[in-house]
Amino acid sequence: MFSAALAYARTLTSVDGNRIIVWGTSFGGGHAIATAADDGHVSAVIAQCPFTSGLASGLAIPAWTSTRLMVLAIIDQIRGAVGAAPLLVPTAGAPGTVALMTAPDAEAGFLNQVPADGAGGFDNRAAARISLHLVRDFPGRRAAEITAPILFAVCETDSVAPAGPTLKYAGTAPAGEIKLYPEGHFDIYVGEPFERVIADQLDFLTRNVPVDEP
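Residues numbered from 1 in each chain as written. Predicted model: local features only at pLDDT ≥ 70, side-chain atom pairs only at ≥ 80, totals over all residues. Heavy atoms only, no water.

(A) Seen up close, the pairing of strand S1 (residues 21-25). The pairing of S1 with strand S2 (residues 44-48) spans five bridges and is parallel. Counted as the bridge partner of Val22 is Val45 from S2. Handedness of the crossover is the feature at issue here: the chain leaves S1, passes through helix H2 (residues 27-39), returns alongside S2, and the resulting connection is right-handed. (Pairing = 2+ DSSP bridges. Helix = DSSP H or I, 4+ residues; strand = E, 2+ residues; numbered from the N terminus. Right-handed = clockwise from strand over helix to strand, strands pointing away.)

(B) Local environment of the sheet that holds strand S6 (residues 176-181). Spatially, four strands are ordered S1-S2-S5-S6 in an open sheet, and the strand pairing comes out parallel. Each of the sheet's edge strands pairs with one partner strand only, and the pair in question is S1 and S6. The average undirected angle you get between the axes of adjacent strands in this sheet is 10°. Packing against the sheet, H2 makes contact with S1, S2 and strand S5 (150-155), and its axis sits at approximately 150° to S1. Seen against the sheet, helix H8 (residues 191-208) touches S1, S2, S5 and S6 and runs at an angle of roughly 165° to S2. (Axes fitted to C-alpha atoms, helices over the stretch in contact; angles between N-to-C directions. Contact = heavy atoms within 4.5 Å.)

(C) Structural view of the nonpolar core. The biggest cluster of nonpolar side chains holds 20 residues, and the ones touching the most others in it are Val22, Ile33, Val42, Val45, Ile146, Ile150 and Phe152. Elements supplying a minimum of two residues to this core: helix H1 (2-9), H2, S2, S5 and helix H7 (163-170). Here this core takes four residues from H2, the largest share from any one element. Residues in contact with Ile150, not counting those within four places in the same chain, are Ile33, Val45, Ala173, Ala175, Gly176, Glu177 and Phe204. (Core = buried A, V, L, I, M, F, W, Y, C linked by side-chain atoms within 4.5 Å. Buried < 20%, exposed > 50% of the residue type's maximum accessible area, 1.4 Å probe, protein only.)

(D) Inspection of the pattern of salt bridges at higher detail. Under the definition given, this model contains ten salt bridges. In this structure, the salt-bridge partner of Arg129 is Asp76, at a minimum N-O distance of 2.9 Å. Taken together, the positions of Arg129 in the loop between strand S4 (125-127) and helix H6 (130-134) and Asp76 in helix H4 (residues 63-81) put the pair 53 residues apart, joining distant regions of the chain. A relative accessible area of 0% places Asp76 in the buried class. Linking Asp123 and Arg125 is a salt bridge whose minimum nitrogen-to-oxygen distance equals 2.9 Å. Taking the relative accessible area as the measure of exposure, Arg125 reaches 46% and is therefore partly exposed. What you see here is one network of salt bridges that share partners, running through Asp38, Arg142 and Glu145. (Salt bridge = Lys/Arg side-chain N within 4 Å of Asp/Glu carboxyl O.)

Below, the structure is given as C-alpha cells:
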C-alpha cells in the first residue's frame, strides 16, 4: 500500500519525484521507517515518537491486560479463519481494561486527537488479532538500511513506544538525527510541545531538502 502511494505520487506533475519525504507518527512512524527502507529513493524521513519494537510496546502493557488481550486476539484470529466478523477491542482504554493501549495517558491522549463531532466516522476500536502481529513487528531494525537523512523525534517518557529501543535503532541509521523531548507519547500533538517539535522538523527539512527559490 505504501509503495503504491509513493509510486503514484511520482506520477503527478505537481510533485518532484526526486524529492519525496516520508513522515509518520506513532505506529505510522514505524511504517515510515519500513517504507523508506523498502523504497530506497526517498529524500528524507521523519519518524515521530515511532513504534519501533513490538516487543517493547507489548512489555509496556501490564501482564494481566496483555494475557486477556492475547486470548481475545487468538479468538479473533480463529474467527477470521472461518470468515466471521472481526472481534473488536478498544484501541485506547483506561488502565486495567482490555485495549491495545492502556497506559495512564493513552485513552485521554488518543481521544484528544478526535474532532469533537467525531468527524469521519471515527471508531475507537480495532480487530483484536492485530496484537498477535504487533508483538512480532520490529520496524526499527530497518533504520540501518536507510541512507537518506532521517529524523527521529523521540519522547523520553513515551508510555506506548518506549524510547530505549528507538534510540538504539536510530543509532544504526547512517544519516540519522535524534531530537529528544521530555514529554510523553501524546503530549507532542498539542500546545507548546507541538510547536517545538514542528520547528525542529521544519529545520531538518530546510537543511536536508531545501526548497529552490523561484
